[in-house]
Structures are given as structure tokens and as C-alpha cells.
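Coordinate analysis (summary)
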Amino acid sequence: MSAQGIGAAVKRKEDRRFITGKGQYTDDLVLPGQTYAVFVRSPHAHARLGKVDTAAALAAPGVVAVLTGADVAAAELGGMPCGWGIHNKDGTPMVEPPHPALAQGKVRHVGDPVAMVIAETKRQARDAAQLVDVTYETLPAVAHLAGAVAPGAPLVWDEAKGNLCYDWHLGDAAAVDAALKNAKHIVDIDLDNNRLVPNAMEPRAAIGHYDAANDRYTLYTTSQNPHVIRLLMGAFTLHVPEQKIRVVAPDVGGGFGSKIYHYAEELLVTWGSKKVGRPIKWTSDRSEAFMSDAHGRDHVSHAQLALDEHGKFLALKVHTYANMGAYLSTFAPAVPTYLYATLLSGPYVIPAIYAEVKAVFTNTVPVDAYRGAGRPEAAYLLERLVDKAARATGIDRVQLRRQNFIKPEQFPYQTPVALQYDTGDYHATLDLALKAIDVDGFPARKAAATARGHLYGLGISTYIEACGIAPSAVVGSLGARAALYEAANIRVHPTGGVTVFTGAHSHGQGHETTFAQLINERLGVPLEMVEVVHGDTDRIPFGLGTYGSRSLAVGGSAIFKALDKIIDKGKKIAAHLLEAAVGDVEFKDGKFQVVGTDRAKAFGEIAFAAYVPHNYPIETVEPGLEESAFYDPKNFTFPGGCHLVEVEIDPETGAVTVANVAISDDVGVIVNPMIVDGQAHGGLAQGIGQALLEECQYDPEGQLLTASFMSYCMPRAADLPFFKVGNHVTPCTHNPLGVKGVGEVGAIGVPPAVINAVIDALAPLGVTDISMPATPEKVWRAIQNAKGGAA
Amino acid sequence: MSSISLRVNDKPQTVAIDPRTLLVELLRDELRLTGTHVGCDTSQCGACTVWVDGKSVKSCTMLAVEADGRSVTTIEGLAGPDGALHPMQAAFQAEHGLQCGFCTPGMIMSACDLLKNQPSPSEHDVRHWLEGNLCRCTGYHNIVKAVLSAADTMKGGAR
């Protein structure tokens, strides 16, 4: 390991601009002559749209234009596209309703955009937006899954009978039913997976700029994947050839999935800029973000686990309703299917699995991938069920997991739900986590809490996830409408510096450092001489962006592939200069050397020779030292591990304190341990947030009740302890780096550990179930109900 | 329009503004000091934290006219004139106390104010002081470590 290469906890190159206030986020940019957009949004969950009267707004000071659904229709802008098609059990396609950029005919959720007001200043635009007079004829609405699938429920879309988007399944129903018939134990569970709002700290923003002189559009946007946005605008929404569109995602303040999707505002400011002849900037308010950013989770499930008399898992049967919201967001249909049901085997041998998933339209904001996306829902279901099975069978919960784990010698392991895990060691991560939390000291800690009059519990979760998204042919066969490889371009400069152009996008993950470490590892070039460029479609040839913990596993592998080409070409140049056969030249320690001799050329000398070729094999080798590579993964990667949580509960108030968190993850080879630990910390906070604090609530009529940080409870510093984070590495077997991905593990593994801990603490009172988020009120009521039941 | 005079990062400024202008709007839109961020509209997230006369203030919750005659320090004014980082800035980098960087300026400005009041805070003190600053990336783990580490560094020579 070099001091700056793979495995080195080097400090981040990107930090200086952020700690000195010099980051450049979208809202920080000012284009000459820019105007400001404010959106008029529906206050109703469901309504027929009558007249949209813009006269008063147009007459207000500073107003440049007011654009409505009629203008969008007249311009024949494409609707917001969905990137994944799912088929029903009977082979018919899912219901895929239109999604116009501004509402036409009906509004279908609170926050559905109706008009865009453009003015000289943001304040003028905001004032004028109040003057747009919209006539609504309100209609009955549905917000919750249970209400939406009830007979006679109001329809979000006339074409979606019973509000069903699709009715999909996976696995072998007959095998599962047979196993259920012969099982010694069948454990049932009903679970809600609470709806969440991603809440990246930087609200979404977009600046559209049409340059009439060159007939070219530029969009600055808060995106995790600018090339995807350009592709979707070119092909589906703006209908402009891609060479005429530049999409820039500058510094982006967190994403967590919510900034993957192509949003209407991006299209509207870009299109509107041509109409008004000036740049248009839109920046979301936080309250607006709550009703316009894609939400996450929102499942209702019933599951059954069958076990034999020794506690061996025999079969799993799952039925899930998944809320899609009012429209299909870019990835939405894939989340409760191929990112959820395929993960239901977890780290266990379960011979038969069958999952049915019904996706449901409601009058709510669209739901799409949020950190973990489907995998947290699968892990939560399985780990709650396994704990319940331990109580039902009387087998210790650690032992029950251990005895059902896939053993290290069983890899590669084919699950009954489509995936083949390449590698892992669940026993090792379990043992490490138990040691890290000092499980032997748990009784003493519990006794101390009891002495304080408190309840104390330990919760466990052993999980797996699939990431490194994704092998293109596989996802194509499953309904993805685009490939999911990644691209890299590496330019070695004449004086030996390197610029890496990556299609991945960093919005906090530290790619500018981690990717530079890959260059250092292979070429020996110091980090100070490496620059990583991301987020600009004019500078980077292509890319699919950052989500699903794919940047290093897929984007990093593309960089490695390009580096192979750089080294191969360097060898040819070196062989010429050293008057040796190419096959005799090796590249080692930053030098091209003739094997077995001391004849060598430093990497910098070869870079210089490549560009200033006085003595150069120009007939056989092109000058220059720049290579591109595309990497298409052969399989998903499968991080996994064990998360342990101890909670202390004050029975007087129901308040849950997270007392102790220890995790052990297998995320494959680790490039920068400092960054990897940081990713785990952030995921844990969001996972603990889901378990204890966060819930996006609608009333039954579709009014959004949690539309600010006053009513949506975000985790704060005092809600969390220091985390004990450890790793056990089994390298991924199918990518050149051996990496798996770490971005989502915390959010996936920890929610069931927290809830299992809460139930463990409350179990002496007879409490057997509590739903997320386990708020003080909910816990207090559970305690009171248990007391009442005992009395 | 109202005319106000104030010092921002030790530089005198006189500006004519709409009386509705918030301090954060003055800083970002008029003075182009975009290191101060806006992450919410309910004074909850703290991304807009600056110092007014040396005390941390959420600049989204103060009208610019209220800063008339006062001295405002933003994240851009924290490093030395030679570019030397403030110990709190250095600690955030050393401890990996930031990821996307959006909450970072507010965190740093708020944390510095804690150390002015309490030069040797406990972990508990730091976590409770930072309740008015939201971060979605770090789980606060390394932010708390950074503040504790800066406190150690600054003992005896607080800036």
C-alpha cells in the first residue's frame, strides 16, 4: 500500500472549498440577466383543474411571463418519463399514466405544479404567484395504501382499476405453499415501512439558459446524474438533440436518491429560458421540497416464515403493497420489485420464497428510490420476522441466525429469488459486531439501566444488500430501459499530471479523493497531481451517475480499465525508447522497466514523450496519453454484515435513547477507510431516523401534514451516539477492485436492529410489536396498553 | 428602499435594500457571499449561521436592517488573511467532519461560538449545542469529533 493509494485514509482534496465557503452549488450561481421562477402548486390532493387565470400575475411588478399547462401542451413538451417498465403476473405491462410537466386537466397531489411565474426578482415572482387565480373542483382523494386498495376507493387514474399500477410476483408459489403445509412453525408478521422524505440539506435548484446565438441550452441542476438528465431531456421531454444540451451538476449538497430523477422544474426552466430569452433560476424552498421531491419507502406487508422443528428456515411468503404516489417517478417501479423482492433471502438459506408486490397509485408525491431503495424494506421485513421466529421457537436469536446463514463454502450462492451472491462471510461479521458491542457486558448495562428505573434492550440485524448497479443485460431483461454501465476517461498531461473524467457524480461521497487514490495506486502519481472532473456533460463523454452504491464498484472499475489501457500504451512507448520488446517491459513503482535490467523510464518521462514525440514510434502508436473505458458489471455486488443496537427507554415518557451502536460490514476492499466509515455513519443516522423519528404523514384526504422541519423530525446531534464501525473484507470476485459499496449499508441494516432492541426492552412488559418510527408517544402507549392488559 | 451600513468580514458596506430583505439574502444576493446557505424556511437547519457582533445567529431569521451598524462575520471571513485555516475549519477537514459541505459553514460558525462560551465542552455539550444545525450526511459523528478536537487545539489561544 502506498501512502496515498488503496487503503490509505487520506484527507479529502475537496474539503478546502467547502470549509472556506467557496463551494459552488447551483443556487450560488448567477447568470447575467437571470430571472427567477416560482411555481404555483396545487393545495388540493385531487381536483379537476378549471381556469388558470394569469392576468393579475402578469400585470404585477417585474413579472416576465407566466406559463401554464396549456403552454406546455402547446409546445408539445414530453411528459416526465419513467425509466423502468414492470410487467404484471399475466405478462401485461404496468399502467403508466402520463405525467405532464405542468398539470393538465387534473391535479393529483398537494404540490402538483400548475403554473410557473417568472419575474425579475425572486420576491416579485413569489408575490405574483399569489395572484395566479386557479379554479379547482375538488375530487375525493386517497393517500394511504389501505384506503387506495379498498373497494370503491376514489381512482387516481381512471385507467388504473383499483388504483393498481402493477400486480407482480417473483418465486415459486407452489413450493412455498407445500413447505408451509409441512412446517413445524409458521411465524406471521404484519409490517408498515414508514414513508420518508430524503431531505438532502441542499434544496433542489435549477437554472436554465438558452443561448440563442448558438442555439444551445445549458441546465445547471442539483443532480446525481447529469448525463441521464441530458439523455431524458433530449429523447423524451425537451425533444432537442443532445449535442445542443449541456447539463451541469456543480457542487451538490447531498442526494440520497432524491436527486436522481428528472424533475419537471428542470425541464421547465430550460424550455422557459428560450421562451423569455433570458436565464431562469428556480430554487426550492424546504416546504416546497417536502411536496415536490420524490419520497421514499411506504410499504405495507404481510409475511410468513416457515421453520422445521430445529429452527431451519423452510420457506418465506411475502405480500407487499407499495405506494407509488400519483405519478411514476424515474426509477419508481423497480424499487419494490427488483430492488426489494430479490433481496428477501437476506443472508440466509431459505429454500423456497414467493413474493407478491402490488404497486398502488395514491394522491401523494411520487415515491422513488431513497438511500437503500427496496433493500431496507426487505431487510426490515426479514429481520423483524427472524426475531419473531426466535421468540416463537424459543431458539436464541443469534443462534437462529447463525444456523441459517449461508456458509462461506456455499458461495457463489444462488437464491430462489433470482440473485447469485458471489461472496460473503456472515459468521465473521456477526462475531465482530458482537465483540464490538461487548455483548458480554450487556447484562451489566441492562442492570444499570434497570437501577435507573429504565428499560434496556439489545437488537440485532444481519442483512445483505445488492448494489454496484448494475449488469446491463440483466437489468434490461428485468425492464430497465437503459443500460447501467459506467464510463471513465483518463487524460495524462505532458508533464505527468492526470485528469480523470468520470460519469459518476460526487455529492458528498468524496470521489475527488477516492478516485485520485486509484490513479495513485496504479500510476504512482501523487494525489496533488490528479484532478477528478465530474458533473458536466460538456467535459465528460458519458456516464450514468451516482446511486445504488455504484460509483466505486462500477465507475471505479471503469477507471481501472482505462488505467490498464494507459499502462499498455505506456509500455509501447517505453519499449521504443528503451529499445526493448514490449513484452519485456513491466510497469512497477511508477517506472517502465525492462525486466531483469536497470533500464527504465519514469512515468513522467513517458507522458512527456507521448506528447512531444521527437523520438516516437509514430507509425504504430498514436501520440498522446489519454484513454476511455466503459465498465459493465458482471453481477451486482453484495455487501452485508451485522448491526447491533442497544436502547434505553424511560417508561415514564416513552423516550428511546440510542445507547450503543456497533456494526460490522463487509463492503469489500476499502480504498479510503476514513470515507468508508463516514458513509456508514451517515447511513446509520438515516436508518435510526427512520426507526425512531421520521415519518412523512398525510391525512386520509391527502393533505401533507409534515411539510417542514417543524413537523418532520430529522435526526439531530443529540439524538445519536458515537458509532462503533468495523469491517470484515471478502473482496468482490467479479470487479477488478474487489469493492462492493458502502453508501447504503447503514440505512439498510440498522432500522430493524433499532426496533428489535426496542421490542427486546419492552418484552418483559409483554410488548411484542411496535411500528416505525418508535416515537415516545407510541412507546408510551405500548407500555400503557401492556400494563392495562396485565391488570 | 432602506440604506444600511454594516461591517461584513471586517469590511465596511453600505447598501440600499428592500426592508423585507433577510440578512441571509443580503449576504448571498447583494454581497455575493454564497458560503452562507439556506437549507430550510423555518429556522431549523442552521445552514445560514453567521456571527453578528461575534455571536452566532441564524441569518434567515434576522432582517438585514437589524444588522445596521453591526459587524457580521461569515464563513468567508473565518480563515486568516494569508489563507490559514481557523482551527475549527482545520479540524473539520482532519476529522472528516463534512461530506457534501452544505451544512458545513453553519456548523463551523455555530461550533466556534460554542467554544467562545465553553472552551472545554463535553461530547454531551457539543451534541446539545449543535441541535440547531442539521446535517444529513455525517450522522454528526465526525462533526462532534471535529469540535472536540478543535477545542483541544484552541485551548489557551482561542480565536
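Scroll up to find the structure.
Heads up: these notes are all about the structure in this document. (Residues numbered from 1 in each chain as written. Chains lettered and ligands numbered in written order. Predicted model: local features only at pLDDT ≥ 70, side-chain atom pairs only at ≥ 80, totals over all residues. Heavy atoms only, no water.)

**Re the overall build of chain A**
We count it as follows: A run of H or I in DSSP becomes a helix once it reaches four residues, and a run of E becomes a strand once it reaches two; helices and strands are each numbered from the N terminus. Relative accessibility thresholds used throughout: buried, under 20% of the residue-type maximum; exposed, over 50%; partly exposed, between the two (1.4 Å probe, protein chains only). The contact definition used throughout considers only heavy atoms, calling two residues in contact when any of these lie within 4.5 Å.
Per the secondary structure count, chain A includes 20 helices and 28 strands. C-alpha extents for chain A along the principal axes are approximately 95 × 75 × 55 Å. Considering chain A as a whole, with its 791 residues, one finds that 64% of them fall into the buried category. Within chain A, residue pairs in contact and separated by at least 24 positions form 80% of the contacts whose partners lie at least 6 positions apart.

**Quick word on the overall build of chain B**
Rules: Atoms considered for the radius of gyration are the C-alpha atoms alone. The globule rule reads 2.2 Å times the number of residues to the power 0.38.
Helix and strand counts for chain B come out as five helices and five strands. Mapped from its N terminus to its C terminus, chain B presents α and β elements in the order β-β-α-β-β-β-α-α-α-α. Whereas a compact globule of 159 residues would reach a radius of gyration of roughly 15 Å, chain B reaches 15 Å, a difference of no more than 12%. In terms of overall dimensions, chain B has C-alpha extents of about 45 × 30 × 25 Å along its principal axes. Residues classed as buried in chain B amount to 58% of the 159 residues present. Long-range pairs, those at least 24 residues apart, make up 59% of the contacts in chain B between residues at least 6 apart in sequence.

**Quick look at the layout of surface pockets**
All names here are of chain A. Convention followed: A cavity here means a set of 1 Å grid points, computed over protein atoms only, where a 1.4 Å probe fits but cannot escape. A pocket is an open set with protein on both sides within 12 Å along at least 5 of 7 lines, and lining residues have an atom within 4 Å of a point. Grid points are joined across faces, edges and corners, and a volume is the space filled by probe spheres set on the points. Charged means Asp, Glu, Lys or Arg here, nonpolar means Ala, Val, Leu, Ile, Met, Phe, Trp, Tyr, Cys or Pro, and polar covers whatever is left, Gly included.
What the second largest pocket holds in volume is close to 360 Å³. Together, 18 residues line the second largest pocket, and His144, Asp192, Asp298, Glu695 and Cys696 are the ones closest to its centre. Elements with a minimum of two residues in the lining of the second largest pocket: helix H5 (145-149), strand E8 (185-193) and strand E13 (299-307). Grouping the amino acids of the lining of the second largest pocket by side-chain chemistry returns eight nonpolar, six polar and four charged.

**Concerning the sheet that holds strand E27 (residues 656-666) of chain A**
Hydrogen bonds along the backbone pair up the strands of a sheet, which may run parallel or antiparallel. Residue and element names in this part refer to chain A. Stated formally: In this scheme, strands are said to pair when DSSP sees at least two bridges between them. Angular values range over 0 to 180 degrees, each being the angle between N-to-C directions of two axes fitted as lines to C-alpha atoms, with helices fitted over their stretch in contact.
Spatially, four strands are ordered E18-E26-E27-E28 in an open sheet, and the strand pairing comes out mixed. Of all the strands in the sheet, just strand E18 (455-464) and strand E28 (724-727) have a single pairing partner and so form its edges. Pairs of neighbouring strands in the sheet enclose a mean axial angle of 15°, with direction left out of account. Bridge analysis of E18 against strand E26 (residues 640-649) gives ten bridges, and the strand direction is antiparallel. Pairing of Tyr463 across the sheet is with Gly641, part of E26. This element, helix H18 (residues 673-692), spans E26, E27 and E28 of the sheet and lies at about 135° to E27.

**Examining the pairing of strand E3 (residues 49-52) of chain B**
All names here are of chain B. Here E3 shows a buried face lined by Thr49 and Trp51 and a second buried face lined by Val50 and Val52. Sheet topology note: the E3/strand E4 (residues 55-58) ladder contains four bridges and is antiparallel. In the strand pairing of E4, Val52 is matched with Lys55. Taken together, E3 and the strand that follows it, E4, pair antiparallel across an intervening segment of two residues, in which Asp53 is found at a positive phi of about 50°. Here E3 runs beside strand E5 (residues 71-73); their pairing, made up of two bridges, is antiparallel. When the bridges of E5 are listed, Trp51 appears paired with Thr73.

**Considerations on a nonpolar patch on the surface**
Selection criterion: Like-charged residues are merged into a patch within 9 Å and nonpolar side chains (Val, Leu, Ile, Met, Phe, Trp, Tyr) within 5 Å, provided each residue has over 30% relative accessible area and no salt bridge. Residue exposure ignores everything except the shown protein chains as possible cover, and the areas themselves are Shrake-Rupley values with a 1.4 Å probe. Salt bridges are defined as contacts in which a side-chain nitrogen from Lys or Arg sits within 4 Å of a carboxyl oxygen from Asp or Glu.
Judged by side-chain polarity, Phe608, Tyr611 and Val612 of chain A come together as a nonpolar surface patch covering roughly 240 Å² of accessible area. Along the polypeptide, Phe608 of chain A turns up in helix H17 (residues 603-611).

**Some details on the pattern of salt bridges**
Residues and elements named next belong to chain A. Tallied over the full model, the rule gives 49 salt bridges over all chains. Note that Arg246 and Asp536 form a salt bridge whose closest N and O atoms lie 2.7 Å from each other. Of this pair, Arg246 sits in strand E11 (residues 245-248) while Asp536 is found in the loop between strand E21 (530-533) and helix H16 (551-578), placing the two residues 290 residues apart along the sequence. Classification of Asp536 as buried rests on a relative accessible area of 7%. The closest approach of N and O atoms between Glu383 and Arg401, which form a salt bridge, is 2.8 Å. With Glu383 in helix H10 (residues 375-393) and Arg401 in helix H11 (residues 397-404), the pair connects residues that are 18 residues apart, well separated along the chain. Note on Arg401: relative accessible area 0%, which makes it buried. Salt bridges linked by common partners bring Arg41, Arg204, Glu265, Glu288 and Asp293 together as one network.

**Some remarks on the packing of aromatic side chains**
Residue and element names in this part refer to chain A. Under the convention used in this document: Only Phe, Tyr and Trp rings are paired, with Trp represented by its six-membered ring, and only when their centres lie within 6.5 Å; those with planes under 30 degrees apart are stacked, over 60 edge-to-face, the remainder tilted. Cation placement over rings: the criterion is NZ of Lys or CZ of Arg within 6 Å of the ring centroid and within 35° of the ring normal.
Overall, the coordinates contain 22 aromatic pairs over all chains when judged by the stated rule. Ring plane angle 50° and centroid distance 4.9 Å describe the contact between Tyr421 and Phe638, whose orientation is recorded as tilted. With a gap of 217 residues between them, Tyr421 in strand E17 (residues 420-421) and Phe638 in the loop between strand E25 (626-631) and E26 connect regions that are remote in the sequence. Of the two residues, Tyr421 and Phe638, neither departs from the other in class, the shared state being buried. When the ring of Phe592 is compared with that of Phe603, the centres are 6.4 Å apart and the planes differ by 25°; the resulting orientation is stacked. Here Phe603 lies in helix H17 and Phe592 lies in strand E23 (residues 591-594), a separation of eleven residues in the sequence. Per residue, the accessibility class of Phe592 equals that of Phe603, and both read buried. The ring of Phe560 has Arg522 sitting right over it, with the charged end atom 4.7 Å from the ring centre.

**Details of the interface of chain B and chain A**
Applied cut-off: Note: buried area is the sum, over both parts, of the accessible area (probe 1.4 Å) each one loses when the two are combined. Any N or O atom pair separated by 3.5 Å or less is treated as a polar contact, with the protein-specific requirement of one donor-capable and one acceptor-capable atom, and with residues adjacent in sequence counted only for side-chain atom pairs.
Counting from both sides, the interface comprises 51 residues of chain B and, opposite them, 55 residues of chain A. With both chains or domains summed, chain B and chain A bury close to 4400 Å², and 55% of this area falls on carbon and sulfur atoms. One can count six salt bridges joining chain B with chain A. At the boundary of chain B and chain A, one finds 32 residue pairs in polar contact (both at pLDDT 80 or more). Elements with a contribution of two residues or more to the side of chain B that touches chain A: helix H1 (23-30), helix H2 (87-94), helix H3 (104-117), helix H4 (123-129) and helix H5 (141-154) of chain B. Sorting elements by how many residues they give to the side of chain B that touches chain A places H5 of chain B first, with five residues. In terms of residue class, the side of chain B that touches chain A is built from 19 nonpolar, 20 polar and twelve charged.

**Some thoughts on the packing of helix H7 (residues 226-237) of chain A against helix H8 (residues 264-276) of chain A**
Residue and element names in this part refer to chain A. Our working definition: Any angle between 65 and 115 degrees counts as roughly perpendicular, while under 35 counts as roughly parallel, over 145 as roughly antiparallel, and the rest as oblique. Handedness of a helix crossing follows the sense of rotation of the near helix relative to the far helix, less than a right angle counterclockwise being left-handed and clockwise being right-handed.
Put simply, H7 and H8 touch, their axes get as near as 11 Å, and they point 70° apart. Here H7 lies roughly perpendicular to H8, going by the angle between them. Crossing of H7 over H8 shows right-handed handedness. Contact residues: Ile229, Met233 and Thr237 in H7; Glu266, Leu267 and Thr270 in H8.

**Focus: the sheet that holds E23 of chain A**
All names here are of chain A. Strand order in the open sheet formed by three strands is E22-E23-E24, with antiparallel pairing between adjacent strands. Strands with a single pairing partner mark the edges of an open sheet, and in this sheet they are strand E22 (585-588) and strand E24 (600-602). Strand-to-strand, the axes of this sheet are offset by a mean angle of 20°, without reference to chain direction. The sheet contact formed by E22 and E23 spans four bridges and is antiparallel. Residue pairing in the sheet places Glu586 in a bridge with Gln593 of E23. Across the sheet, H17 touches E22, E23 and E24, and the angle it forms with E24 is around 80°.

**Points about the environment of Thr462 of chain A**
Residues and elements named next belong to chain A. Position of Thr462 among the secondary structure elements: in strand E18. When the C-alpha atoms of Thr462 and Met201 are compared, they prove to be 30 Å apart, with 261 residues separating the residues in sequence. Residues within four places of Thr462 in sequence aside, it is in contact with Pro347, Tyr348, Glu383, Arg401, Phe405, Leu430, Gly641 and Cys642. A distance of 2.8 Å separates polar atoms of two side chains, one belonging to Thr462 and the other to Tyr348.

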